[in-house]
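# A closer look at the structure
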Amino acid sequence: MNRADIVALDKRHVWHPYTAMEAYIAETDPLVVVRAEGPYLHDADGRRYLDANGSWWVSTLGHRHPRLVHALVQQAQEMPHVSLAGVTHAPAALLARELAAIAPGAEREDLPAEEKLGRVFYSDDGSTAVEVAIKMAAQHWAQNGRPKRTRFITLSGAFHGETVGATSVGGVPLFREVFGPLLFDVVHVPSPAEEGGWERAFAEVERALAAHPDEVAAVIVEPVLQGAAGMQLYAPDFLRAVREATRRVDTFLIADEVFTGLGRTGARFACDLAGVVPDMLCLAKALSGGLLPFAATLATERVFAGFLGGGERALYYGHSYCGNPLGAAVAREVLAIYRDEDVLGQVARKAPRIAAAFQRMADTLPGLTRPRALGMVGAVDLGGGGYLARSGWRVYEAARRRGLYLRPLGDTVYIAPALNLPDDTLDALLAGVEESVREVVRGR
Ligand SMILES: Cc1ncc(COP(=O)(O)O)c(C=O)c1O
């Protein structure tokens, strides 16, 4: 099938995510990717593109890592799927043990056993990992003597996924407004990344907890880095303060590490940057290395204990593909590659180059603001126009001509590439971003 045929079929039938389809059908010349390998996407015209965002932040070990492909094929030959309903299997059991062993706080001897993230509930993707946490928190309180605890405190700018529950705890107005009548009520507090600092946001969290001490089911956060909000960074102190405040009123902290988990920020988990152990921790994206959708919600022994007892106390939740053996086998191999290839060590070596490059861009090019970087993320703003602004898209076009796939977030230009990108490839990526931004700001 040639490129034109694929595009024609696509434009006739495929409805793309987060895409204004009328303009897409009329104007967009999409990338037609035929192969993906390592940090590169290869298109139907034989051109190669450096994938600057790991294909929506999932391919943290590059595309088609041979060990992941091998693990997938091997598992597929034995048992591609079986439900977790009254059934279990080695990949799910082994992965749960491995996740519990690396979870925040796992190695802390001072931490009481009930506060360890020792239980793993599997689901399909980042949105469902969050949905699981929401329901876990609500049901836990409902059946453990705190039935009024149904409200969630969430941060302005938060993004937690696409389901109605995950959208309800989201804080990006554009993604919420149209669904407003369907969403449950939450308490929004300012983002700790906003001007005014984390202390202002924390004061609002404290105020909300004080106002509704027996109504708050949980505070939910993207720890340290709000991705979809435009790569907004905030101080780990905020996370520590929120952890202490939630402990004071004895409510839950949910850490959504769907984006930040497994090395993106330089630490194994962003919670580790603050030394914080949440009550629930959501993982997806990097967990299955870009091979297939797979997610896990880790919960403490205490949360889990709240579901023990009769049948009516069970968590009534479970997707068809919950704990899918293919996903679990690939996730185990992802964790093995992190160990064997010292992925966190690689990030530590590369992170300063990213930070320096974004700082240099802001220092040398007019109109750029707020250069920021953490781990394998670098970002800078080309204006203050928000998600629908177009400057980032002009950089996208300029980058595409240079062989980079650089999807922006409105006016925010960012990179979140594979964590194991070779040094020279990272340098080429950073140079390409800089040239593309320069072309756009000079042409203004
Ligand atoms: C922090 C966070 N949570 C949840 C999600 C939703 O994940 P998924 O798209 O896999 O449903 C995302 C997706 O970008 C995310 O960044």
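Residues numbered from 1 in each chain as written. Predicted model: local features only at pLDDT ≥ 70, side-chain atom pairs only at ≥ 80, totals over all residues.

## Some words on the overall build of the protein chain
Of regular secondary structure, the protein chain possesses 16 helices and 16 strands. Over its C-alpha trace the protein chain gives a radius of gyration of 22 Å, about what one expects of a compact globule, namely 22 Å for 444 residues. C-alpha extents for the protein chain along the principal axes are approximately 60 × 55 × 45 Å. When each of the 444 residues of the protein chain is scored for burial, the buried share is 48%. The contacts of the protein chain with a sequence gap of at least 6 include a subset with a gap of at least 24, amounting to 70%. (Helix = DSSP H or I, 4+ residues; strand = E, 2+ residues; numbered from the N terminus. Rg over C-alpha atoms; globule rule 2.2 N^0.38 Å. Buried ≥ 20, exposed ≤ 12 C-beta atoms within 10 Å, placed from the backbone. Contact = placed C-beta atoms within 7 Å.)

## Focus on the environment of Leu368
When you line up the elements, Leu368 lands in the loop between helix H14 (343-364) and strand E13 (369-374). C-beta crowding within 10 Å serves as the criterion here: with 18 such atoms nearby, Leu368 is assigned to the partly exposed category. Spatially, the C-alpha atoms of Leu368 and Phe358 are 9.8 Å apart, while their sequence positions differ by 10 residues. When sequence neighbours within four positions are dropped, the list of residues in contact with Leu368 reads Met361, Ala362, Val380, Asp381 and Leu382.

## Here we look at the environment of Val413
Inspection of the secondary structure assignment puts Val413 in strand E16 (residues 412-415). With 17 residues separating them along the chain, Val413 and Tyr396 place their C-alpha atoms 8.5 Å apart. Setting aside chain neighbours within four positions, we find Val413 in contact with Ala379, Val380, Leu382, Gly392, Val395, Leu406, Pro408, Val433 and Val437.

## Notes on the domain arrangement of the protein chain
Frequently, the measure chosen for interface size is the accessible area removed from exposure when the parts meet. One can read the domain layout of the protein chain as domain 1 (31-64 + 342-442) and domain 2 (69-340). For domain 1 and domain 2, the distance between their C-alpha centres works out to 27 Å. Of the residues lining the interface, 27 residues belong to domain 1; the matching set on domain 2 comes to 22 residues. Those elements giving two or more residues to the side of domain 1 that touches domain 2 turn out to be helix H3 (54-57), H14, E13, strand E14 (377-381) and E16. (Domains from an automatic or database assignment.)

## Looking at unusual backbone geometry
Of note, the phi angle at Ser55 is positive, near 50 degrees, even though the residue is not glycine. The topology assignment puts Ser55 in helix H3. According to the C-beta neighbour criterion, Ser55 is partly exposed, with 17 such atoms within 10 Å. The backbone of Asp342 sits at a positive phi, close to 40 degrees, despite the residue not being glycine. Mapped onto the elements of the fold, Asp342 is located in the loop between helix H13 (325-340) and H14.

## Focus: the pairing of strand E3 (residues 48-51)
In terms of strand pairing, strand E2 (residues 40-43) meets E3 through three bridges, oriented antiparallel. Directly across from Leu41, in E3, lies its bridge partner Tyr49. What sits between the antiparallel neighbours E2 and E3 is a turn of four residues, in which Gly46 has the positive phi angle 80 degrees. Taken together, the two bridges between E3 and strand E15 (residues 404-405) define a ladder with parallel strand orientation. Residue pairing in the sheet places Leu50 in a bridge with Leu404 of E15. (Pairing = 2+ DSSP bridges.)

## Observations concerning the site of the ligand
Surrounding the ligand, one finds 15 residues, the nearest of these being Asp125, Gly126, Ser127, Gly161 and Val258. For the shell around the ligand, the leading source of residues is helix H6 (residues 126-142), giving three residues. Residues belonging to the shell around the ligand are distributed by class as follows: six nonpolar, five polar and four charged. (Near = placed C-beta within 6 Å. Nonpolar A, V, L, I, M, F, W, Y, C, P; charged D, E, K, R; others polar.)

## As for the sheet that holds E15
In space, the four strands of this open sheet follow the order E1-E2-E3-E15, with mixed pairing throughout. Across the chains shown, the open sheet's two edge strands, defined by having one partner strand only, are strand E1 (33-37) and E15.

## Things to note about the nonpolar core
Among the nonpolar cores identified, the biggest contains 130 residues, and Ala137 and Met280 are the most heavily contacted of them. The greatest single-element share of this core, amounting to nine residues, is contributed by H6. Composition of this core by domain shows at least three residues from each of domain 1 (31-64 + 342-442) and domain 2 (69-340). Apart from residues lying up to four places away in sequence, Met280 is in contact with Ala133, Met136, Ala137, Phe252, Ile254, Thr297, Leu298, Ala299 and Val303. (Core = buried A, V, L, I, M, F, W, Y, C linked by C-beta atoms within 7 Å.)

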